[in-house]
Amino acid sequence: MERKNLYIDFDGVVLDTIDVLYKEMEELKEHGVELETDEEKKNFFMHYNWGKLLNDNLIINDSINCIQKIIDSDKFNINILTHVISLNEAVEKIKYIRKHFQDITIIPVPKQISKTKMIHTKDSILVDDYAGNLREWEKEGGIPVRFSKKRNGKGFLVVDKLDQLIDMF
């Protein structure tokens, strides 16, 4: 049986970085730091200490063990496809994934570029928590799967644990 290409988003799927980042942004605002414009937000992400942020305490629904189960199933060519704002963010995400997996492809995508422009989407699966990325993926002939802790698919196939993909495909 031919293995399907599987692309897994990082933030909000593997690690719960988004909630932490937005909480910290709110705290900074409360202390008078301006974070209203896109440029100010971009600056926050560019200078953020990603090495300190990315740790196993942020694992969502056993995602690291679930990825290992997916690898062991031998049903997919697995890739981590993640938007990044800075080179430092990309480096730290790669270090984090390499700590757990030696043989998995990691594709950092500059935030200004659609994930669909980085790889061949046709008949490939994308697991992402952001519906906008999934809509683009579907439009390009890919198979979108929404990751949602609340199992809210927003019109897409939905999983709340990554190893559910094994039985889904």
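Each remark here, short or long, concerns the structure printed above.
Residues numbered from 1 in each chain as written. Predicted model: local features only at pLDDT ≥ 70, side-chain atom pairs only at ≥ 80, totals over all residues. Heavy atoms only, no water.

Trainee: Where do I start with the nonpolar core in this structure?
Mentor: Generally speaking, nonpolar side chains in soluble globular proteins are found buried as a group. Leu 6, Ile 8, Val 127, Leu 162 and Leu 165 are the most contacted members of the largest nonpolar core, which totals 37 residues. Counting residues per element, this core draws most heavily on helix H4 (residues 63–73), which supplies 4 residues. Once residues within four sequence positions are removed from consideration, Ile 8 is found in contact with Val 13, Val 14, Ile 67, Ile 78, Asn 79, Ile 80, Leu 81, Val 127 and Leu 162. With 10 residues, the next largest nonpolar core counts Ile 107, Leu 126, Ala 131 and Leu 134 among its residues. (Core = buried A, V, L, I, M, F, W, Y, C linked by side-chain atoms within 4.5 Å. Buried < 20%, exposed > 50% of the residue type's maximum accessible area, 1.4 Å probe, protein only. Helix = DSSP H or I, 4+ residues; strand = E, 2+ residues; numbered from the N terminus. Contact = heavy atoms within 4.5 Å.)

Trainee: For this particular structure, what's the right way to read the pattern of salt bridges?
Mentor: When the charged atoms of two side chains with opposite charge come close together, those side chains can pair. The tally for this structure, following the rule as stated, stands at 13 salt bridges. Between Asp 128 and Lys 115 there is a salt bridge, with the nearest N and O atoms lying 2.8 Å from each other. Highlighted residues: Asp 128 in strand E4 (residues 125–128) and Lys 115 in the loop between strand E3 (105–110) and E4, separated in sequence by 13 residues. By relative accessible area, which is 3% here, Lys 115 ends up buried. Two residues, Lys 122 and Asp 123, come together in a salt bridge whose shortest N-O distance is 3.9 Å. Residue Lys 122 is classed as partly exposed on the basis of its relative accessible area, which comes to 47%. Here Asp 123 falls in the partly exposed class, since its relative accessible area comes to 43%. (Salt bridge = Lys/Arg side-chain N within 4 Å of Asp/Glu carboxyl O.)

Trainee: What exactly am I supposed to notice about the packing of aromatic side chains here?
Mentor: Between two aromatic rings, the relevant description is the distance of the centres plus the angle of the planes. As enumerated under the stated definition, the model contains 6 aromatic pairs in all. A centroid spacing of 5.7 Å and a plane angle of 70° characterise the contact between Tyr 48 and Trp 50, whose relative ring orientation is edge-to-face. For the pair shown, Tyr 48 and Trp 50 are each scored as buried. (Phe/Tyr/Trp six-rings, centres within 6.5 Å; stacked < 30°, edge-to-face > 60°.)

Trainee: Got a minute to help me understand unusual backbone geometry in this structure?
Mentor: When glycine is set aside, most residues are seen to have a negative phi, and most peptide bonds are trans. For Asp 62, which is not a glycine, the phi torsion comes out positive at approximately 60°. The topology assignment puts Asp 62 in the loop between helix H3 (50–53) and H4. On the basis of relative accessibility, which here comes to 34%, the residue Asp 62 falls in the partly exposed class. Non-glycine residue Asp 123 carries a positive phi angle of around 65°. Topologically, Asp 123 is positioned in the loop between E3 and E4.

Trainee: Could you clarify how one ought to interpret the sheet that holds E3 in this entry?
Mentor: Think of a sheet as strands paired side by side through backbone hydrogen bonds, with each pair either parallel or antiparallel. The parallel open sheet is built from 6 strands, whose spatial order is E3-E2-E1-E4-E5-E6. Only two strands of the sheet have a single neighbouring strand rather than two, namely E3 and strand E6 (157–159). Put simply, the sheet's adjacent strands are angled 25° from each other on average, direction ignored. Sheet topology places strand E2 (residues 76–84) next to E3; 6 bridges connect them, and they run parallel. Along E3, the bridge assignment pairs His 83 with Val 109. (Pairing = 2+ DSSP bridges. Axes fitted to C-alpha atoms, helices over the stretch in contact; angles between N-to-C directions.)

Trainee: Would you take a moment to explain helix H5 (residues 87–100) for this structure?
Mentor: Along an α-helix, a turn takes 3.6 residues, which lines up residues three or four apart on a common side. If you check H5, its first and last C-alpha atoms are 21 Å apart, about what 14 residues at 1.5 Å a residue would give, namely 20 Å. Looking only at H5, the buried set comprises Glu 89, Ala 90, Glu 92, Lys 93, Tyr 96 and Ile 97. The elements touched by buried residues of H5 are H3, H4, E2 and E3. (Expected span 1.5 Å × (residues − 1).)

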